[in-house]
Amino acid sequence: MGRQVELVRALAMRARAAKLKSDGAALGDESLKEEGRRREAVARSVLAGARSARRTAAR
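Treat the numbers as computed from the prediction; the structure is a model and nothing was measured.

*Asks:* In this structure, what is going on with helix 1 (residues 2–27)? I would like to understand it.
*Replies:* In an α-helix, one turn spans 3.6 residues, which is why side chains three or four residues apart end up on the same side. For helix 1, with 26 residues, the first-to-last C-alpha span of 37 Å sits near the 38 Å given by 1.5 Å per residue. Listed in full, the buried residues belonging to helix 1 are Leu7, Ala10, Ala17, Leu20 and Gly24. Of the residues one or two after helix 1, glycine 28 is the one with positive phi, at around 75 degrees.

The following block contains the structure:
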């Protein structure tokens, strides 16, 4: 069950990052856009790790 929670958490992180990035674009705020990009990269990394762990456990 823990792996599934990690996947959901990573997807939520990615969605929040995309929201920050789009808000920054709408407001013309470069710092918000950059923060969204940074958080999105972290979320992608966490998501890849969670998927990898899930594949490894399935074997």
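Structure's up, so let's keep going.
*Asks:* What am I meant to see in the side chain of lysine 33 here?
*Replies:* On the secondary structure map, lysine 33 appears in helix 2 (residues 30–58). Contacts of lysine 33, omitting those with residues within four sequence positions, involve Lys21, Gly24 and Ala25.

*Asks:* Before we go on, may I ask you to explain the pattern of salt bridges in this structure?
*Replies:* Two side chains carrying opposite charge are able to pair once their charged atoms lie near each other. According to the stated counting rule, one finds seven salt bridges in the structure shown. Where arginine 38 meets glutamate 35, a salt bridge forms, and the shortest distance between an N and an O atom there is 2.6 Å. Remark: glutamate 35 and arginine 38 occur in helix 2; sequence separation between them is three residues, near one turn of the helix. Here the residues in one salt-bridge network are Glu35, Arg38 and Arg39, joined through shared partners.

*Asks:* Hey, could you run me through the environment of arginine 37 in this one?
*Replies:* Mapping arginine 37 onto the fold places it in helix 2. Linking arginine 37 and arginine 16, residues 21 residues apart in sequence, is a C-alpha distance of 11 Å.

*Asks:* Can you walk me through the side chain of glutamate 40 in this structure?
*Replies:* With respect to the helices and strands, glutamate 40 occurs in helix 2. With a relative accessible area of 13%, glutamate 40 lands in the buried category. Residues in contact with glutamate 40, not counting those within four places in the same chain, are Arg14, Ala17, Ala18 and Lys21.

*Asks:* Help me out: how do you make sense of the environment of alanine 43 in this one?
*Replies:* Looking at the secondary structure, you find alanine 43 in helix 2. For alanine 43, a relative accessible area of 0% puts it in the buried group. A sequence separation of 13 residues divides alanine 43 from threonine 56, and the C-alpha atoms of the two residues are 20 Å apart. With residues up to four places along the chain from it excluded, the contact list for alanine 43 reads Ala10, Met13 and Arg14.

Quick notes on the rules
- Residues numbered from 1 in each chain as written.
- Predicted model: local features only at pLDDT ≥ 70, side-chain atom pairs only at ≥ 80, totals over all residues.
- Heavy atoms only, no water.
- Helix = DSSP H or I, 4+ residues; strand = E, 2+ residues; numbered from the N terminus.
- Expected span 1.5 Å × (residues − 1).
- Buried < 20%, exposed > 50% of the residue type's maximum accessible area, 1.4 Å probe, protein only.
- Contact = heavy atoms within 4.5 Å.
- Salt bridge = Lys/Arg side-chain N within 4 Å of Asp/Glu carboxyl O.

Read these as spatial facts, not as claims about activity.
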